[in-house]
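Listed below are the residues making up each chain.
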Amino acid sequence: MHFPTNRPSSNALNIARICVIIERNLAVRHRITDLAKASGMAPHHFQRQFAAATGETVAGYLRSRRLEYAAIALSQSNARIVDIALDCGFETHAALTRAFTAHFGVSPNTFRHSGLPESFTPVQPRPFLKPIETRSLQLTCDILELSEQWLCWRRATGMIDGHFFPDIQKTKKGFRELGTELDDCDVTIGAGYPEGPRAFNDTNATAYFGALLDRKRALSWPEGWTQIDAGTFAVFPHHGSLTTVHLTWHRAARIGLGRLGLKLRPSWMFEIYLTSQIHPPSNQLSALIHLPVQKGTIGKA
């Protein structure tokens, strides 16, 4: 697979950059005007583009990530609640308590001793990430019945600033080698994931990139093979740069499934690539995200 270098320029790339700024500095009191300026957009346009890219308002994104950080700190440390509040951008113990209780349904102190309420349904592998979705988000997907497939793969380890494949040169080289071995075959290039990352930066997160085939073949390229069983998949489109696919994953898996009345079933998730460019035009359909869903939960999709 060939990855030409072309200059990226899209709103989604700018939004992805702003997400990195937020995630690295949760204790900072980010003002929308400052974030908009850093994105190169007018504030009103920035807020619309942020909601379209992430599925959350700027304020909602800030709050959900700060409260996730607070929940992790409360569950993994004995730090004082007021110190946790300051570390994740709340000015007082009371401010964190109000926001935490409204978000999770229990106070920080109760959460520390008793955990989440029974009414809260955590989503693994980030059980404390509860996105605050924007009402303006428009979501659509296709529901497809797919036959059994085989993913021949090599591993890529680490999620950096929200996206997999931190060593892009190694990944590009791997795809080129695979393309050479499969030169006479009509194959689908993509990547599979047994689960999502545990954080915005997760050095242990693993992606399995390669090709989806109808059967196992005698190939020297793969490190391994994984069978993806036949079943129902919700397919979400991604447009533009492949370095912003993580934003579409978030909209689809964290917000889209619930909005559309769908529930995940046990299976691998995967994405397929429809372009050989890392940064195609922002309006070009460049990838399709496939989420395995329970057929009986299909609602408004």
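About the thresholds
Residues numbered from 1 in each chain as written. Predicted model: local features only at pLDDT ≥ 70, side-chain atom pairs only at ≥ 80, totals over all residues. Heavy atoms only, no water. Core = buried A, V, L, I, M, F, W, Y, C linked by side-chain atoms within 4.5 Å. Buried < 20%, exposed > 50% of the residue type's maximum accessible area, 1.4 Å probe, protein only. Helix = DSSP H or I, 4+ residues; strand = E, 2+ residues; numbered from the N terminus. Pairing = 2+ DSSP bridges. Axes fitted to C-alpha atoms, helices over the stretch in contact; angles between N-to-C directions. Contact = heavy atoms within 4.5 Å. Parallel < 35°, antiparallel > 145°, perpendicular 65-115°, else oblique. Nonpolar A, V, L, I, M, F, W, Y, C, P; charged D, E, K, R; others polar. Expected span 1.5 Å × (residues − 1). Arc of directions from axis to C-beta. Salt bridge = Lys/Arg side-chain N within 4 Å of Asp/Glu carboxyl O. Phe/Tyr/Trp six-rings, centres within 6.5 Å; stacked < 30°, edge-to-face > 60°.

### Digging into the nonpolar core
A general tendency of soluble globular proteins is for nonpolar side chains to be buried together. Core analysis: the largest hydrophobic core is formed by 34 residues, its most contacted members being Phe 165, Tyr 193, Phe 236, Tyr 273 and Leu 291. Those elements that place two or more of their residues in this core are strand E2 (149-159), helix H8 (168-181), strand E3 (188-193), strand E4 (202-213), strand E6 (231-239), helix H9 (245-259), strand E7 (269-273) and strand E8 (285-292). With 5 residues, E4 is the single largest residue contributor to this core. Ala 70, Leu 74, Ile 84 and Phe 111 belong to the second-largest nonpolar core, a separate cluster that totals 19 residues.

### Notes on the sheet that holds E8
Here 8 strands make up an open sheet; going across it, the order is E1-E6-E8-E7-E3-E4-E2-E5 and the pairing antiparallel. Of all strands in the sheet, those with a lone pairing partner are strand E1 (142-146) and strand E5 (224-228), marking the two edges. In this sheet, neighbouring strand axes are inclined to one another by 35 degrees on average, regardless of whether the strands run parallel or antiparallel. Judged from the 5 bridges that link them, E2 and E5 form a sheet pairing that is antiparallel. Note that in E5 the partner of Leu 151 across the bridge is Thr 226. Together, E3, E6, E7 and E8 form the strand contacts of H9, whose direction differs from that of E8 by roughly 35 degrees.

### Things to note about the packing of helix H2 (residues 32-39) against helix H3 (residues 43-54)
Between H2 and H3, whose axes approach to 9 Å, the crossing angle comes to 85 degrees. Judged by the angle between their axes, H2 and H3 are roughly perpendicular. Residues Ile 32, Thr 33, Leu 35, Ala 36 and Ser 39 of H2 touch H3, and the partners they reach there are Pro 43, Phe 46 and Gln 47. Of the residues contributing to the contact of H2 with H3, the split by class is 5 nonpolar, 3 polar and no charged.

### Structural notes on H3
Taking 1.5 Å as the rise per residue, H3 with 12 residues should run 16 Å; its terminal C-alpha atoms sit 16 Å apart, in good agreement. For H3, the complete set of buried residues consists of Phe 46, Phe 50, Ala 51, Ala 53 and Thr 54. For H3, the buried positions fall inside an angular range of 165 degrees around the axis, keeping them on one side. Packing partners of the buried residues in H3 comprise helix H1 (11-24), H2, helix H4 (58-76) and H9. In the stretch just after H3, Gly 55 is the one whose phi turns positive, near 85 degrees.

### Some details on the environment of Thr 157
Take Thr 157: it is sitting in strand E2. Placed 48 residues apart in sequence, Thr 157 and Ala 205 show a C-alpha to C-alpha distance of 5.8 Å. Every residue in contact with Thr 157, bar those within four places of it in the chain, is listed here: Pro 166, Thr 203, Asn 204, Ala 205 and Thr 206.

### Section: the pattern of salt bridges
Tallied over the entire structure, the rule returns 14 salt bridges. With a closest N to O distance of 2.6 Å, Asp 161 and Arg 24 form a salt bridge. Here Arg 24 lies in helix H1 and Asp 161 lies in the loop between E2 and H8, a separation of 137 residues in the sequence. Salt-bridge contacts for Glu 91 lead to Arg 29; the nearest nitrogen and oxygen are separated by 2.9 Å. Of this pair, Glu 91 sits in the loop between helix H5 (81-87) and helix H6 (93-104) while Arg 29 sits in the loop between H1 and H2, and the two are 62 residues apart along the sequence. Arg 29 shares its class with Glu 91; the two are exposed.

### Topic: the packing of aromatic side chains
Scanning the model with the defined rule gives 17 aromatic pairs in all. Relative to Phe 104, the ring of Phe 100 has its centre 4.7 Å away and its plane inclined at 50 degrees; by these criteria the two rings are tilted. Of the two residues, Phe 100 and Phe 104 are both situated in helix H6; the distance of 4 residues between them amounts to about one turn of the helix. We note that Phe 100, like Phe 104, is buried. On the numbers, 4.8 Å between centres and 80 degrees between planes, the contact of Trp 153 with Tyr 208 is edge-to-face. Of the two residues, Trp 153 is situated in strand E2 and Tyr 208 in strand E4; the sequence distance between them amounts to 55 residues. For the pair Trp 153 and Tyr 208, a shared accessibility class is recorded, and that class is buried. Taken together, the ring pairs in this structure connect Phe 164, Phe 165, Phe 175, Tyr 193, Phe 209, Trp 221, Trp 249 and Tyr 273 into an aromatic cluster.

### Describing the side chain of Ser 286
Relative to the helices and strands, Ser 286 is located in strand E8. Other than its neighbours up to four places away in sequence, Ser 286 contacts His 238, His 239, Gly 240, Leu 242, Ile 272, Tyr 273, Leu 274, Thr 275 and Pro 280.

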